[in-house]
Amino acid sequence: AQTVTQSQPEMSVQEAETVTLSCTYDTSESNYYLFWYKQPPSRQMILVIRQEAYKQQNATENRFSVNFQKAAKSFSLKISDSQLGDTAMYFCAFMNVQGGSEKLVFGKGTKLTVNP
Amino acid sequence: KAGVTQTPRYLIKTRGQQVTLSCSPISGHRSVSWYQQTPGQGLQFLFEYFSETQRNKGNFPGRFSGRQFSNSRSEMNVSTLELGDSALYLCASSLMAGGNTGELFFGEGSRLTVL
């Protein structure tokens, strides 16, 4: 079974600064997706960024980028130029590509607060 | 394009009752999955449906059940409610065309409180 671990329950950062959220995972699969989802207070969860395991290049989406280390099973999220709207719970998630299921395995989440 | 719609958004039940939650996926999406979110256990997978067939099921007791209709709308039911069933229930939909795409879109959730 796959597991996802987020070791930072809470983090804070000043507006305009950079912050990195950590995530490690455990799997015996070779082909999978990794995700970072954002859940703002009382709002729906949205996809921030996706990484396909077979791609060596790290995914980027505007101010969001990941550091994907497949051998170390590490998948961290870097948020540059933090904005107040980035305040949210951030969940790291794993999805196995094989088998046709889109089941997500989530970490416990990191609560990020961006301070003005 | 409308997003994933979940109803009701909030509900309060008492122990022993049953509840039905509804999820309308994004138009054209054929896969619907459900998750339970609690402060203690985090986000846990309940079930996944594709073309009216249950594709995968999480480790929940038989009191939790679901189904998907021909228009891709889905419902989940929890019978004989327990205090521990209090949670935010999230529905997610995806296109699921030609295999998994890895892109799930979530609704705002149904917050269930069991008294």
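Everything below is about the structure printed above this text.
The present account deals with the structure reproduced in this document. (Residues numbered from 1 in each chain as written. Chains lettered and ligands numbered in written order. Predicted model: local features only at pLDDT ≥ 70, side-chain atom pairs only at ≥ 80, totals over all residues. Heavy atoms only, no water.)

## Some thoughts on the overall build of chain A
Move 1: For chain A, the count of helices and strands is 0 helices and 12 strands.
Move 2: The linear arrangement of helices and strands in chain A, starting from the amino end, is β-β-β-β-β-β-β-β-β-β-β-β.
Move 3: Relative to the globule expectation of 13 Å for 116 residues, the C-alpha radius of gyration of chain A, 14 Å, shows essentially globular dimensions.
Move 4: If one aligns the C-alpha atoms of chain A with their principal axes, the spans along those axes are about 45 × 30 × 20 Å.
Move 5: The buried share of chain A, taken over its 116 residues, is 48%.
Move 6: Looking at chain A alone, contacts between residues at least 24 apart form 56% of all its contacts between residues at least 6 apart.
Move 7: With an accessible surface of roughly 5,700 Å², chain A has 44% of that area assigned to carbon and sulfur atoms.
Move 8: Of the side-chain charges in chain A, 11 are positive and 10 negative, and the distance between the mean point of each set is 4 Å. (Helix = DSSP H or I, 4+ residues; strand = E, 2+ residues; numbered from the N terminus. Rg over C-alpha atoms; globule rule 2.2 N^0.38 Å. Buried < 20%, exposed > 50% of the residue type's maximum accessible area, 1.4 Å probe, protein only. Contact = heavy atoms within 4.5 Å. Areas by Shrake-Rupley, 256 points an atom, 1.4 Å probe, with all protein chains shown as cover. Lys, Arg positive; Asp, Glu negative; His and termini not counted. Charge placed at Lys NZ, Arg CZ, Asp CG, Glu CD.)

## Considering the interface of chain B and chain A
Move 1: In this assembly, 23 residues from chain B lie in contact with 18 residues from chain A.
Move 2: There are 0 salt bridges connecting chain B and chain A.
Move 3: For the pair chain B and chain A, the number of links is 9 residue pairs in polar contact (both at pLDDT 80 or more).
Move 4: If you list the elements that add at least two residues to the side of chain B that touches chain A, you get strand E4 (31-38), strand E5 (42-50), strand E6 (53-57) and strand E9 (87-94) of chain B.
Move 5: It is E5 of chain B that provides the largest number of residues to the side of chain B that touches chain A, a total of 4 residues. (Salt bridge = Lys/Arg side-chain N within 4 Å of Asp/Glu carboxyl O. Polar contact = N/O pair within 3.5 Å; in protein donor to acceptor, adjacent residues only side chain to side chain.)

## Comments concerning the nonpolar core
Move 1: Counting residues in hydrophobic clusters, the biggest one holds 26 residues, and the most contacted among them are Tyr 25, Trp 36, Phe 75, Leu 77 and Tyr 90 of chain A.
Move 2: Where this core is concerned, the elements lending two or more residues are strand E3 (19-21), strand E5 (32-39), strand E6 (46-52), strand E8 (64-69), strand E9 (74-79), strand E10 (88-96) and strand E12 (110-115) of chain A.
Move 3: The biggest single contributor to this core is E10 of chain A, with 4 residues.
Move 4: The next biggest cluster of nonpolar side chains, apart from the first, holds 21 residues, and it includes Ile 26, Phe 64, Val 78 and Leu 112 of chain B. (Core = buried A, V, L, I, M, F, W, Y, C linked by side-chain atoms within 4.5 Å.)

## Considerations on the packing of aromatic side chains
All names here are of chain A.
Move 1: The full count for this structure, using the stated rule, is 16 aromatic pairs over all chains.
Move 2: Ring centres of Phe 91 and Phe 106 lie 6.1 Å apart, and the angle between their planes is 85 degrees; on these two criteria the pair is classed as edge-to-face. Of the two residues, Phe 91 sits in strand E10 while Phe 106 sits in strand E11 (residues 105-106), which places them 15 residues apart along the sequence.
Move 3: A relative accessible area of 8% means that Phe 106 is categorised as buried.
Move 4: Above the face of the Tyr 33 ring, Arg 50 is positioned so that its terminal group lies 4.9 Å from the ring centre. (Phe/Tyr/Trp six-rings, centres within 6.5 Å; stacked < 30°, edge-to-face > 60°. Lys NZ or Arg CZ within 6 Å of the ring centre and 35° of its normal.)

## Some details on the side chain of Gln 6 of chain A
All names here are of chain A.
Move 1: Along the polypeptide, Gln 6 turns up in the loop between strand E1 (3-5) and strand E2 (10-14).
Move 2: Of note is the side chain of Gln 6, whose polar atom sits 3.4 Å from the side chain of Thr 110.
Move 3: Not counting residues within four places of it along the chain, the set of residues in contact with Gln 6 comprises Ser 22, Cys 23, Trp 36, Tyr 90, Phe 91, Cys 92, Gly 107, Lys 108, Gly 109 and Thr 110.

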